Number of protein chains: 2
Amino acid sequence: MEKGQVTIRDIALKLNISISTVSRALRGMADVNADTKKRVLEMARELNYEPNQIAQSLRSNRTNTIGIIVPDVQVHFFSSIVSGIQKVASKVNYNVLFCQSGESYQTELNNLKALIASRVDGLLISLSRETEDIEHLLRVQQKNIPLVLFDRISDDIDTSKVDVSDTDGAFKAVKYLIDTECRRIAYLAGPKNLTISNKRMEGYLHALRAAGITPDEELIVHCNSLKEDAAGATAQLLSLNNKPDALFCVNDPVAIQAIQVIKKHNLKIPEDISIIGFTDDPVSALIEPALTTVAQPSHEMGQCAAKLLIDQIKGYDGTSRTVTLDTKLVLRNTTKLLNP
Amino acid sequence: MEKGQVTIRDIALKLNISISTVSRALRGMADVNADTKKRVLEMARELNYEPNQIAQSLRSNRTNTIGIIVPDVQVHFFSSIVSGIQKVASKVNYNVLFCQSGESYQTELNNLKALIASRVDGLLISLSRETEDIEHLLRVQQKNIPLVLFDRISDDIDTSKVDVSDTDGAFKAVKYLIDTECRRIAYLAGPKNLTISNKRMEGYLHALRAAGITPDEELIVHCNSLKEDAAGATAQLLSLNNKPDALFCVNDPVAIQAIQVIKKHNLKIPEDISIIGFTDDPVSALIEPALTTVAQPSHEMGQCAAKLLIDQIKGYDGTSRTVTLDTKLVLRNTTKLLNP
DNA sequence: AACGTTTCCGGTAACGATCTCGGAAATTAA
DNA sequence: TTAATTTCCGAGATCGTTACCGGAAACGTT
């Protein structure tokens, strides 16, 4: 029973040959005797040898590992992305070092430091809600580490990005609300510095203006820490003299909170007030009433981001590209039917 | 603009001192002049130096990295565990290499191979549904790699484990059904080789017998690939001459499927048929009717497993321990009220 | 003044794998 | 038989870091 793990040196000693030969045999190189090669492979299997990727990495300066930072993997949207990333990575023999920022800028910095120290070959990051300064990302670029941002991206850095058509998705949602006779449409927004929240706001405003409706500032409410604020924000909207007849929400959790509050106020959904969310969380199809929402292809987003990154690592593509995935309005029961 | 990253050698060259001194200075060792140390630290910051953990790992034979394998991180129960693991690990400066088996035995083997090659300091594994043979886990032990199993554990290996009180949780659930006047209680089970499914069956049978009810084999139905089978199994139960008046389900997704089918049959929940799930998925509180379920502390399970593993890695505890976390019956609206 | 101590620093050998180089043995060609 | 070539293998350097060892100053002690 040895202490550490088996090395090529152990194999070499057992067979009384040099480690160079063992290395060549294991890597399947040409200039090694067929018989020697067979003996090496057999011995490797017998000793249960596994190559030491740490040593390989040090030598080759490549770790075959990519790093991910997401805000919180407990959010289904992110776990779905992480799943997509991991599957693609594993298919091309890349490992995945996984971190969570917990929506904290400081933790994001720490995560990044750890991943850089681990010499990941590339990075996939979805920014924390607190992150405004992207100095740390620029430092990543200075080190020539390939970087792909997804979902929570930043416009202040020139790198590859994957996002969804937020503006267009919001536009489609709000247009649908207008088409189903809603006129006072509120927007339950996210934090003011969150890019995706702002892009969805653009779509919201655009749809209103396109229909000749003047946006009412009273109807745009921001909420920060999702659940708690969302309930308060909804209550605030319902207490207006001139109540909204529809609610467009920055994401599904907010929409679900809104539904609970509206139910408590004994208002009918969608007759009194229509609701549309964003994301298509699995919960949304199961709640009562089932939530109409703008679906984002989360799994595909992860796969796409991973592919972009790996292409960059392998040097297939040096340019930074932004891929925008399509969103789709999924009609359920929190919205009225379109009149034919 | 250099090619690779900055090394202590670069710092040494710039300051015209030896790499040994730089190393000592960076590690804050005693025998280095205060002024020299200051200059080294300043230069390190100026050059944006990050220690190469790969080299450190090779030298020290420790990677400060643990590996996780879960079946599917998109399942909330697992993402919650993974989140708990990652938080604990990060707090003690451990990295997390993340893999998914996708419920495939072969993929689990591949994952394990990759993690061993990466020389993780320890492993956290929740077995795939396909896994029956645990030879691969024994090989891990032969290599003296600390291993902790969680949730999907196996009785055939002596190692640290974290699970929940499955049997007791099932017992409490079924007892509650009996206490609320249910008599023909069906069990919608998982695959036959799944330990947790069998343990829950034990609790189910125990509760029945304790109440003097003879278990009816007709009322125990197994389903494999979760969603599709669950619907079929439920339909099968509803087509019996002597229908069940309650359904105990191996997990929440199965219960939720069952609810949909039962609704379609125009049966009233819980008046005609009561339902209890297992896990307490976040969805369960939001669906209509809200699902009564046996809650498992998933986040805590992750944290506990990570702590056990890290204690083992650091050599605080060499013995293999099994921690069983408590389950809690969460009463909602798919069950009748208890008569006082 | 001669000695021991302390302070600080550099050389060198590892960790495990790979790659380059060169050389010995075996084979072929002349 | 000798020369040329092929086949196969080993020595050594290297990746970035740390640990061990030893040495040169600078200091204090008698």
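Residues numbered from 1 in each chain as written. Chains lettered and ligands numbered in written order. Predicted model: local features only at pLDDT ≥ 70, side-chain atom pairs only at ≥ 80, totals over all residues. Heavy atoms only, no water.

Under an unreviewed UniProt entry, the name given to chain A is LacI family transcriptional regulator, and the organism recorded is Fulvivirga kasyanovii.

Asker: Would you take a moment to explain the overall build of chain A for this structure?
Answerer: Counting secondary structure elements, chain A contains 13 helices and 12 strands. Radius of gyration (C-alpha) of chain A: 26 Å, far over the 20 Å computed for a compact globule of 340 residues. When its C-alpha atoms are laid out on the principal axes, chain A stretches across 90 × 40 × 35 Å. Counting across all 340 residues of chain A, residues that qualify as buried make up 54%. Counting only contacts in chain A whose residues sit at least 6 apart along the sequence, the fraction spanning at least 24 positions is 72%. Here chain A has roughly 15400 Å² of accessible surface; of this, 47% comes from carbon and sulfur atoms. Separation of charge centres in chain A, based on 39 positive and 41 negative side chains, amounts to 7 Å. (Helix = DSSP H or I, 4+ residues; strand = E, 2+ residues; numbered from the N terminus. Rg over C-alpha atoms; globule rule 2.2 N^0.38 Å. Buried < 20%, exposed > 50% of the residue type's maximum accessible area, 1.4 Å probe, protein only. Contact = heavy atoms within 4.5 Å. Areas by Shrake-Rupley, 256 points an atom, 1.4 Å probe, with all protein chains shown as cover. Lys, Arg positive; Asp, Glu negative; His and termini not counted. Charge placed at Lys NZ, Arg CZ, Asp CG, Glu CD.)

Asker: What is the right way to look at unusual backbone geometry in this model?
Answerer: Glycine aside, residues mostly have negative phi angles, and peptide bonds mostly take the trans form. Residue and element names in this part refer to chain A. Here the bond from Ile269 into Pro270 is cis, since omega is 5°, no more than 30 degrees from zero. Its place among the elements puts Pro270 in the loop between helix H11 (252–264) and strand S9 (274–279). A cis geometry characterises the amide bond from Glu288 onward to Pro289, with omega recorded as -5°. Along the polypeptide, Pro289 turns up in the loop between helix H12 (282–286) and strand S10 (292–295).

Asker: Is there a simple way to think about the packing of aromatic side chains in this case?
Answerer: Centre-to-centre distance and the angle between the planes together describe a pair of aromatic rings. Residues and elements named next belong to chain A. Here the structure, examined in full by the defined rule, presents nine aromatic pairs over all chains. Relative to Phe248, the ring of Tyr187 has its centre 5.4 Å away and its plane inclined at 20°; by these criteria the two rings are stacked. Here the residue Tyr187 occupies a position in strand S6 (residues 185–189), and Phe248 occupies one in strand S8 (residues 246–249), the gap between them amounting to 61 residues. Judged by relative accessible area, which is 0%, Tyr187 ranks as buried. Classification of Phe248 by relative accessible area gives buried; the value is 0%. Members of the aromatic cluster, connected to one another through ring pairs, are Tyr187, Tyr204, Phe248 and Phe278. (Phe/Tyr/Trp six-rings, centres within 6.5 Å; stacked < 30°, edge-to-face > 60°.)

Asker: Sorry if this is basic, but what is going on with the sheet that holds strand S12 (residues 328–330) of chain A here?
Answerer: Sheets are built from strands that pair by backbone hydrogen bonding, the pairs being arranged parallel or antiparallel. Residue and element names in this part refer to chain A. One open sheet accounts for six strands, arranged S7-S6-S8-S9-S10-S12; its pairing is mixed. This sheet does not close on itself; its edge strands, each paired only once, are strand S7 (220–222) and S12. Going across the sheet, the axis of each strand differs from the next one's by a mean of 20°, ignoring polarity. Across three bridges, S8 lies against S9 in parallel orientation. Paired with Leu247 across the two strands is Ile275, which belongs to S9. Running over the sheet, helix H9 (residues 195–210) touches S6, S7, S8 and S9 and is turned about 170° from S6. (Pairing = 2+ DSSP bridges. Axes fitted to C-alpha atoms, helices over the stretch in contact; angles between N-to-C directions.)

Asker: Looking at this structure, how should I read the relation of the copies chain A and chain B?
Answerer: Each of the two copies of the chain can be brought onto the other by a rotation about an axis and a shift along it. For the pair chain A and chain B, the best superposition has an RMSD of 0.1 Å and corresponds to a rotation of 180° with a translation of 0.0 Å parallel to the axis. Here the symmetry operator amounts to a two-fold rotation axis. When the interface residues of chain A are mapped onto chain B, 100% of them again lie at the interface, so the same face is used by both copies. (Least-squares fit on C-alpha atoms with pLDDT ≥ 70 in both.)

Asker: Even after reading the chapter, I still don't get the nonpolar core, so can you show me in this structure?
Answerer: The biggest cluster of nonpolar side chains holds 93 residues, and the ones touching the most others in it are Leu188 and Phe248 of chain A together with Leu188 and Phe248 of chain B. Judged by nonpolar contacts, the second largest core, of 54 residues, contains Val164 and Leu308 of chain A together with Val148 and Leu325 of chain B. (Core = buried A, V, L, I, M, F, W, Y, C linked by side-chain atoms within 4.5 Å.)

Asker: Help me understand empty space enclosed by the protein, please; the structure alone is not making it clear to me.
Answerer: To find the voids left in a structure, one rolls a probe of water-molecule size over its atoms. Following the criterion strictly, the structure yields two cavities of 30 Å³ or more and no others. As a volume, the largest cavity reaches approximately 200 Å³. Taken together, 15 residues line the largest cavity, and the ones lying closest to its centre are Ile54 and Thr65 of chain A together with Ile54, Thr65 and Ser118 of chain B. Those elements that place two or more of their residues in the lining of the largest cavity are helix H4 (53–60) of chain A together with helix H4 (53–60) and strand S2 (95–100) of chain B. (1 Å grid on protein atoms, 1.4 Å probe; cavity = no way out; pocket = protein on both sides within 12 Å on 5 of 7 lines; lining within 4 Å. Points joined across faces, edges and corners; volume = space filled by probe spheres on them.)

Asker: In this structure, what is going on with the protein's contact with DNA strand C? I would like to understand it.
Answerer: Within the structure, DNA strand C sits among 22 residues, and Ile8 and Tyr49 of chain A together with Ser18, Thr21 and Thr36 of chain B are positioned closest to it. Across the atoms of DNA strand C situated within 4 Å of the protein, the share located in sugar and phosphate is 62%. One of the side-chain N or O atoms of Ser20 of chain B is found 3.0 Å from a base oxygen in DNA strand C. Contacts to DNA strand C include Arg24 of chain B, whose side-chain N or O atom sits 2.9 Å from a base oxygen. Among the secondary structure elements, those contributing two or more residues to the surface near DNA strand C are helix H2 (19–26) and H4 of chain A together with helix H2 (19–26) and H4 of chain B. (Near = heavy atom within 4 Å. Polar contact = N/O pair within 3.5 Å; in protein donor to acceptor, adjacent residues only side chain to side chain.)

Asker: Is there a simple way to explain helix H6 (residues 105–117) of chain A in this structure?
Answerer: Owing to its 3.6 residues per turn, the α-helix brings residues three or four apart onto one side. Here H6 of chain A spans 18 Å end to end across 13 residues, near enough to the 18 Å set by a 1.5 Å rise per residue. Of the positions making up H6 of chain A, those classed as buried are Glu108, Asn111, Leu112, Leu115, Ile116 and Ala117 of chain A. In this structure, the buried side of H6 of chain A is in contact with strand S1 (65–70), strand S2 (95–100), strand S3 (122–125) and helix H7 (135–142) of chain A together with H4 of chain B. Where H6 of chain A begins, the side chain of Ser104 of chain A points an oxygen toward the backbone nitrogen of Gln106 of chain A, at a separation of 3.3 Å. Arg119 of chain A occupies a position one or two residues after H6 of chain A and carries a positive phi of about 55°. (Expected span 1.5 Å × (residues − 1).)

Asker: It is not clear to me how the interface of chain A and chain B should be interpreted in this structure. Could you clarify?
Answerer: Reports of interface size often rely on the accessible area that becomes lost once the parts have come together. The interface is formed by 51 residues belonging to chain A together with 51 residues belonging to chain B. Per-residue buried area on chain A facing chain B is highest for Ile54, Gln74 and Arg119 of chain A; these three make up 15% of the total on that side. Linking chain A with chain B are four salt bridges. Ionic pairing is found between Lys263 of chain B and Glu288 of chain A, a salt bridge with its closest N-O pair at 3.6 Å. Taken together, the connections running from chain A to chain B amount to 22 residue pairs in polar contact (both at pLDDT 80 or more). Looking at the side of chain A that touches chain B, the elements with two or more residues in it are H4, helix H5 (76–91), S2, H6, H7, H11 and H12 of chain A. Counting residues per element, the side of chain A that touches chain B draws most heavily on H5 of chain A, which supplies seven residues. Here the side of chain A that touches chain B is built from residues that sort into 20 nonpolar, 20 polar and 11 charged. (Buried area = accessible area lost by both parts, 1.4 Å probe. Salt bridge = Lys/Arg side-chain N within 4 Å of Asp/Glu carboxyl O. Nonpolar A, V, L, I, M, F, W, Y, C, P; charged D, E, K, R; others polar.)

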